[in-house]
Number of protein chains: 2
Amino acid sequence: MTGKVVAEVSVSLDGYVAGPNPTLEQPLGKGGDQLHEWAFGLKSFREPHGLPGGETGPDDELVAESLRATGAIVMGRRMFSGGEGPWENDHNTDGWWGDEPPFHKPVFVLTHHAREPLVMEGGTTFVFVTNGLESAIEDARAAAAEKDVLVAGGADAIDQAISAGLVDELLLHLAPVLLGGGARLFDGVGPELPRFEVTHVLESPLVTHLRYRVVGAKRRGGRPEPTAAP
Amino acid sequence: MTGKVVAEVSVSLDGYVAGPNPTLEQPLGKGGDQLHEWAFGLKSFREPHGLPGGETGPDDELVAESLRATGAIVMGRRMFSGGEGPWENDHNTDGWWGDEPPFHKPVFVLTHHAREPLVMEGGTTFVFVTNGLESAIEDARAAAAEKDVLVAGGADAIDQAISAGLVDELLLHLAPVLLGGGARLFDGVGPELPRFEVTHVLESPLVTHLRYRVVGAKRRGGRPEPTAAP
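Residues numbered from 1 in each chain as written. Chains lettered and ligands numbered in written order. Predicted model: local features only at pLDDT ≥ 70, side-chain atom pairs only at ≥ 80, totals over all residues. Heavy atoms only, no water.

Enquirer: Describe helix H5 (residues 133-144) of chain A, naming the residues involved and giving the relevant values.
Expert: Residues and elements named next belong to chain A. End to end, H5 covers 16 Å across twelve residues, agreeing with the expected 16 Å (1.5 Å per residue, within 8%). For H5, every residue scored as buried is listed here: Leu-133, Ser-135, Ala-136, Ile-137, Ala-140, Arg-141 and Ala-144. Taken together, the buried residues of H5 touch strand S1 (5-12), strand S3 (70-75), strand S4 (106-110), strand S6 (125-129), strand S7 (148-153) and helix H6 (155-163). (Helix = DSSP H or I, 4+ residues; strand = E, 2+ residues; numbered from the N terminus. Expected span 1.5 Å × (residues − 1). Buried < 20%, exposed > 50% of the residue type's maximum accessible area, 1.4 Å probe, protein only. Contact = heavy atoms within 4.5 Å.)

Written as structure tokens, this is what we have:
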């Protein structure tokens, strides 16, 4: 049994996964931190960041369950390097996530520049994939074994994965804020538009968690259909 | 006691309240009907449209409650006339909603062309307001007495009302579809961005109902603050 491919991201009411004018100090752009405010206090957020304590409860359990289910992560180059800006052309950066990134599993980074894998402390290895998103998802699938592959962002990577019919499930954390600009989710999806089925909604004071099954997308390219027995 | 000003609209996952290329036959644009599929079968939708039967249950109750609470409606000119197109320059149209529109209460239409109120069958009167959104909301407030004013769309009217600090509550019906283009909600909100508080979420198979209190918007222009007793 293979796992699912899940796209998970926090998004504003006006559809942005990052605000305008990102900088290295503020890689999520103006106001972008508000997208993640709901998570900062949770035990399941604090623990992988090496922080003690934190809240438990339904939000925490949802995040913890996502972490448990995920075997490997796919992300765009800017999510690795810390947003958009001059530094993103430094192809030898160790990324924006510090010596011990909070992932603790293999992370496949989409890039145009080949380089050796980067082994960080705490179980995170950044693997750089130069031959496209489908290939990155296939590599992540192999690394994840029976667990899920998480497409973590940015908007471009998620849009590409949805457009290619590679996403089984979408998990949105809908934050009750407007950002007014930035990186908008779904703008790059097409030309065929998938449909979604609501599979789970979790109400919470600071965010609404929305889980969808992706249906009606085109057949996924990289994964052969099971064939009937001869 | 005066009622609230509520902006209520169905919106796609990618933030559109109508799809691309609206026509008089398809005023909600390509794919736009999908935004309202969740409602078509409900008793509370069918009844005001003069149709028998329909489903009851939590979705129906939410819609029925919104109808009961609403005393008057504000809408943009295109929502009155049936979308964007040559016909919208016909300033004597009786609108797109038929002889007996489904509103059954006063509807204040934003327009640049003064004309007499249009009394329709079944209790709907279209009143044409030429001096702007704030004035339309004030007129609607007077007509609604202690009931709520509903800002029903389009995106422009809702964005303007939010920007002016005139909206107390936002009720989104989030449909699990992408439209890929059309009229996007929130694009015209600014320059100040309000914050929202999640007050109620109702999960349903075809839609997610999200109710927000609007907070942190600028002081409403048209409504004096209560003053302390001298």
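There's plenty left to go through after this.
Enquirer: Break down the relation of the copies chain A and chain B for me, with residues and values.
Expert: After a rotation of 180 degrees and a shift along the axis of 0.0 Å, chain A superposes on chain B with an RMSD of 0.0 Å. Given the turn and translation reported, the copies of this chain are related as if by a two-fold rotation axis. Across chain A, the smallest distance between a C-alpha and the rotation axis is recorded for Gly-15 of chain A, namely 3.3 Å. By residue overlap, the copies meet face to face through one surface: 100% of the interface positions of chain A are interface positions in chain B. (Least-squares fit on C-alpha atoms with pLDDT ≥ 70 in both.)

Enquirer: Now, about the pairing of S3 of chain A: what can you tell me, with residues and values included?
Expert: Residues and elements named next belong to chain A. Most of S3 sits out of view: six of its six residues are buried. In the sheet, S3 pairs with S7 via five bridges, with the strands oriented parallel. Note on S7: the bridge partner recorded for Ile-73 is Leu-150. Across three bridges, S3 lies against S4 in parallel orientation. Across the sheet, the residue bridging to Val-74 is Phe-108, located in S4. (Pairing = 2+ DSSP bridges.)

Enquirer: Give me the lowdown on the sheet that holds strand S3 (residues 70-75) of chain B, citing residues and values where you can.
Expert: Residues and elements named next belong to chain B. Taken together, the nine strands give an open sheet; going across it, the order is S5-S6-S4-S3-S7-S1-S8-S11-S10, and neighbouring strands pair in mixed fashion. For this open sheet the edge positions go to strand S5 (118-119) and strand S10 (195-203), each flanked by a neighbour on one side alone. Here S10 pairs with strand S11 (residues 208-215) via eight bridges, running antiparallel. When the sheet's bridge partners are listed, Glu-197 is paired in S11 with Arg-213. Most of the contacts of helix H3 (residues 58-69) go to S3, to which it runs at about 90 degrees, and overall it touches strand S1 (5-12), S3, strand S7 (148-153), strand S8 (169-175), S10 and S11. The strands touched by helix H6 (residues 155-163) are S1, strand S4 (106-110), S7 and S8; relative to S7, the strand with the most contacts, the crossing angle is about 130 degrees. (Axes fitted to C-alpha atoms, helices over the stretch in contact; angles between N-to-C directions.)

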